[in-house]
Amino acid sequence: MSTESRLDLTLGYDHATGALGDYFDALANGRTSAAHCDHCGKTWFPPHITCPNDGGACSAVDLAGTGRVVSATRIRTRLPFTDTDRDVIFVLVAMTGADNAAFGRLEKFDGDDATGLAVRLAGADGPLGHPAQAAVFEPAEDGT
């Protein structure tokens, strides 16, 4: 005779943000904290502790928080560490003043194709499962 027992497990822990703590704090508040390489002059958002281009030291800089969508994907999914399925638009954004593209979500957009759309970093839009989920963009009001 076989019996079944249901076990529901929950894991809770404190997630340290370490040297990127200022970045995550800024992100949650809609500010764009980036890293500028003191050696090669490239700027990275999200920031890096050392430059991925040449390994040089990076200094924190603030960007304007605007950019353009390079690519977008619309999907129904559950964000990590959350319990609800929903429609989400994931985007890669070329941030003004940065030499790379940033990954995030696009909110407040009802169009079919977000490619080329001018956006701004909006910050946290509610409870987060992980601090990186505050990378929320929305259409820029002035279109730039």
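The structure this text deals with has already been given above.
An account of the accompanying structure is given in this report. (Residues numbered from 1 in each chain as written. Predicted model: local features only at pLDDT ≥ 70, side-chain atom pairs only at ≥ 80, totals over all residues. Heavy atoms only, no water.)

As a further point, take the sheet that holds strand E2 (residues 43–44). Reading across the sheet, the three strands line up as E2-E1-E3 and stay open at both edges, with antiparallel pairing between neighbours. In the strand order of this sheet, the two ends are held by E2 and strand E3 (58–63), each with one partner. Pairing between strand E1 (residues 32–37) and E3: six bridges, direction antiparallel. Note on E3: the bridge partner recorded for Ser 33 is Asp 62. (Pairing = 2+ DSSP bridges. Helix = DSSP H or I, 4+ residues; strand = E, 2+ residues; numbered from the N terminus.)

The subject of this paragraph is a nonpolar patch on the surface. On the surface, a cluster of nonpolar side chains totalling about 420 Å² of accessible area is made up of Leu 11, Tyr 13 and Phe 81. Tracing the chain through its elements places Tyr 13 in the segment before helix H1 (21–28). (Patch = residues over 30% accessible without salt bridge, like charges linked within 9 Å, V, L, I, M, F, W, Y side chains within 5 Å. Areas by Shrake-Rupley, 256 points an atom, 1.4 Å probe, with all protein chains shown as cover. Salt bridge = Lys/Arg side-chain N within 4 Å of Asp/Glu carboxyl O.)

Right, let's talk about the environment of Ala 101 for a bit. With respect to the secondary-structure elements, Ala 101 resides in strand E6 (residues 101–106). If sequence neighbours within four positions are ignored, Ala 101 has contacts with Phe 45, Leu 92, Val 93 and Ala 94. (Contact = heavy atoms within 4.5 Å.)

Let us now look at the packing of aromatic side chains. For the structure on display, the rule yields three aromatic pairs. Here the aromatic cluster, defined as three or more aromatic residues joined through ring pairs, consists of Tyr 23, Phe 24 and Phe 45. (Phe/Tyr/Trp six-rings, centres within 6.5 Å; stacked < 30°, edge-to-face > 60°.)

A few words on the nonpolar core. Looking at soluble globular proteins, one finds that nonpolar side chains tend to be buried together. By size, the foremost hydrophobic cluster in this structure holds 21 residues, and its most contacted members are Leu 27, Phe 45, Val 91, Val 93, Met 95, Leu 106 and Phe 137. Counting only elements with at least two residues in this core, the list comes to H1, strand E5 (85–95), E6 and strand E7 (118–121). With four residues, the single largest contributor to this core is E5. One finds Ala 35, Cys 37, Trp 44 and Cys 58 within the second-largest nonpolar core, a separate group that totals five residues. (Core = buried A, V, L, I, M, F, W, Y, C linked by side-chain atoms within 4.5 Å. Buried < 20%, exposed > 50% of the residue type's maximum accessible area, 1.4 Å probe, protein only.)

From the geometry alone we can't say anything about function, so treat these as descriptive.
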